[in-house]
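Close look at the chain arrangement
This is what each chain is made of:
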Amino acid sequence: MNILKIVFLASDAMAIPVMEYLYDQPSIDFAALITQPDRPTGRGKKLQKSAVKLWAESKGITIFQPERLGQADVVWLEEAGVGLILLMAYGQLLPKSFLEAAPLGAYNFHVSILPSYRGASPVPAAIASGDRESGVTLMKMVQKMDAGPIVDVEKVDIDPWDTSKSLTEKLSHACIPLIESHLRAIASGSAQLIPQDDSRATYVRKLTKEDGVLDFLAPASVVDHRVRALNPWPTTFIEVGGVRLKVGRAKVVSDSKLDNNKELPGEVLGFFDDFLAIQTGEGVLGLQELQRPGGKMLPVAEFLRGFPIDPGTIIPSNPMPAFISDQPFPYRKKIKKQIEPED
């Protein structure tokens, strides 16, 4: 049996299922994990090992954590006889010399259906855009970000209740049939590669906490997508009486009796069953979970017992920054003109 020596680059727990699969293959020598250095996290800002590092330690796999990949890493790959480099959610660009250090090249599991959503935040972008499916693309890496030729795509459905957390879990497991189908061809150098159509490419940037603003001028469905897209990080928020409240879950309310178009966008309509109803530019959004500073995320009925929000309260709206470069949300200008006609 020919043994293929691989190195895997990853910094996010989503890579663990496919790394586990590869580790268990008798034809694979899992030579090393390359991951980001330990970072300070939490209120105490203590250095904490990532989930992928803990996994590698449990398997006795060699671990490297360079701040930046350099010539020393290239030399090690060559001297160790690494044949293939695999990557998923590593977090930094690879230098050309590193990409070319393994005879079979470097392949990336990218969590979108390329060429859509190249870049840093493809999972939130797919949910925020209202897509019905996503996928993992196995591609050969080139110097340009996420632009290499494609081996194959494993698609998954985006369900109406999916958050970025639940969709990421689906995508992490979708990597396994993808590599299972193509590992032999990649190892033999015979994988069929399909060039990407760069004219159809879209790019998504890295998200920040301020991306969590909500705009109730938008349709309820757009706001709902945003809430799910930014769960669990950075989360969305509203401001009530100058207090910033995190939103955990929300839903589009289908009761037409609530949406009579007389209320202003952002106006609280009241508490109904398991949600706090908010008028939007089109339809009603039901907030189901809220969290105050220093508190826990609570079902809205429990939350309101300690933090009342009266009907008629107007929750401020703020334009939601676009995730996709050069493609801002189209709704705001149109709806604002409908609500606030110009003279």
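Thresholds, definitions, all that
- Residues numbered from 1 in each chain as written.
- Predicted model: local features only at pLDDT ≥ 70, side-chain atom pairs only at ≥ 80, totals over all residues.
- Heavy atoms only, no water.
- Helix = DSSP H or I, 4+ residues; strand = E, 2+ residues; numbered from the N terminus.
- Buried < 20%, exposed > 50% of the residue type's maximum accessible area, 1.4 Å probe, protein only.
- Areas by Shrake-Rupley, 256 points an atom, 1.4 Å probe, with all protein chains shown as cover.
- Lys, Arg positive; Asp, Glu negative; His and termini not counted.
- Charge placed at Lys NZ, Arg CZ, Asp CG, Glu CD.
- Pairing = 2+ DSSP bridges.
- Axes fitted to C-alpha atoms, helices over the stretch in contact; angles between N-to-C directions.
- Contact = heavy atoms within 4.5 Å.
- Polar contact = N/O pair within 3.5 Å; in protein donor to acceptor, adjacent residues only side chain to side chain.
- pLDDT = per-residue confidence, 0-100.
- Phe/Tyr/Trp six-rings, centres within 6.5 Å; stacked < 30°, edge-to-face > 60°.
- Core = buried A, V, L, I, M, F, W, Y, C linked by side-chain atoms within 4.5 Å.
- Parallel < 35°, antiparallel > 145°, perpendicular 65-115°, else oblique.
- Left-handed = near helix turned anticlockwise from the far one by under 90°.
- Nonpolar A, V, L, I, M, F, W, Y, C, P; charged D, E, K, R; others polar.

1. Examining the overall build of the protein
In terms of helices and strands, the protein carries nine helices and 19 strands. Seen through its C-alpha atoms, the protein measures out along the principal axes to roughly 70 × 45 × 30 Å. The buried share among the 343 residues of the protein stands at 48%. Accessible surface computed for the protein: about 17,200 Å², of which carbon and sulfur atoms make up 51%. Taking the 38 positively charged and 42 negatively charged side chains of the protein as two groups, their mean positions are separated by 4 Å.

2. Considering the sheet that holds strand 16 (residues 275–279)
Paired through backbone hydrogen bonds, the strands of a sheet run either parallel or antiparallel to each other. Pairing within the open sheet is antiparallel, and its four strands lie in the order 14-17-16-15. In this open sheet, the two edge strands, each paired with only one partner strand, are strand 14 (250–253) and strand 15 (268–272). In this sheet, neighbouring strand axes are inclined to one another by 30 degrees on average, regardless of whether the strands run parallel or antiparallel. The sheet contact formed by strand 15 and strand 16 spans four bridges and is antiparallel. Pairing of Val 268 across the sheet is with Ile 278, part of strand 16. Sitting on the sheet, helix 7 (residues 220–229) is in contact with strand 14 and strand 17 (284–287), with an inclination near 165 degrees to strand 14.

3. As for the environment of Gln 143
One can find Gln 143 in the loop between strand 9 (133–140) and strand 10 (150–157). Separated by 123 residues in the primary sequence, Gln 143 and Gly 266 have C-alpha atoms spaced 45 Å apart. Apart from residues no more than four positions distant in its own chain, Gln 143 is found in contact with Leu 94, Pro 95, Lys 96 and Leu 99. Of note is the side chain of Gln 143, whose polar atom sits 3.1 Å from the backbone nitrogen of Lys 96.

4. Observations concerning the confidence of the model for the protein
For the protein, the average pLDDT comes to 92, and 93% of its residues sit at 70 or higher. Residue range residues 335–343 is modelled with pLDDT below 50. Its contacts to residues more than four positions away, or to other chains, number eight contacts.

5. Let's talk about the packing of aromatic side chains
A complete count under the given rule lists seven aromatic pairs for this structure. Joined through ring pairs, the aromatic side chains of Phe 8, Tyr 23, Phe 30, Trp 55 and Phe 109 make up one cluster.

6. Observations regarding the side chain of Ser 164
Among the secondary structure elements, Ser 164 is positioned in helix 6 (residues 164–188). Taking the relative accessible area as the measure of exposure, Ser 164 reaches 7% and is therefore buried. Residues contacting Ser 164, with those up to four places away along its chain left out, are Val 123, Pro 124, Ile 127, Arg 228, Ala 229, Asn 231 and Pro 232.

7. Description of unusual backbone geometry
Following Leu 114, the chain continues to Pro 115 via a peptide bond in cis, the omega torsion being 15 degrees. Looking at the element boundaries, Pro 115 is found in the loop between strand 7 (106–110) and strand 8 (118–119). With omega at 20 degrees, the peptide bond leading from Asn 231 into Pro 232 counts as cis. Relative to the helices and strands, Pro 232 resides in the loop between helix 7 and strand 12 (236–240). Positive phi is not limited to glycine here, since Ala 89 has a value of about 50 degrees. Looking at the element boundaries, Ala 89 is found in the loop between strand 6 (84–88) and helix 4 (96–99). In this model, Tyr 117 sits at a positive phi of 60 degrees, which is unusual for a non-glycine residue. Here Tyr 117 lies in the loop between strand 7 and strand 8.

8. Some details on the environment of Asp 197
Among the secondary structure elements, Asp 197 is positioned in the loop between helix 6 and strand 11 (203–204). Through-space distance from the C-alpha of Asp 197 to that of Lys 46 is 44 Å; in sequence the pair is 151 residues apart. Here Ser 199 takes part through its side chain, which lies 2.5 Å from a polar atom of the side chain of Asp 197.

9. Side note on the nonpolar core
Grouped together as the largest cluster of nonpolar side chains are 50 residues, with contacts concentrated most on Phe 8, Met 19, Leu 22, Met 88, Phe 109 and Ile 179. Among the nonpolar cores identified, the runner-up in size contains 25 residues, and Leu 214, Val 247, Leu 276 and Phe 303 belong to it.

10. So, the packing of helix 1 (residues 16–23) against helix 2 (residues 51–59)
For any two helices packed against each other, one specifies the inter-axial angle together with the distance between the axes. Where helix 1 meets helix 2, the axes come as close as 11 Å, and the angle between the chain directions of the two elements is 20 degrees. On the basis of the axis angle, helix 1 is roughly parallel to helix 2. In this structure, helix 1 meets helix 2 at a crossing whose hand is right-handed. Together, Ile 16, Met 19, Glu 20 and Tyr 23 of helix 1 and Ala 51, Val 52, Trp 55 and Lys 59 of helix 2 make up the contact between the two elements. Counted by class, the contact of helix 1 with helix 2 contains six nonpolar, no polar and two charged residues.

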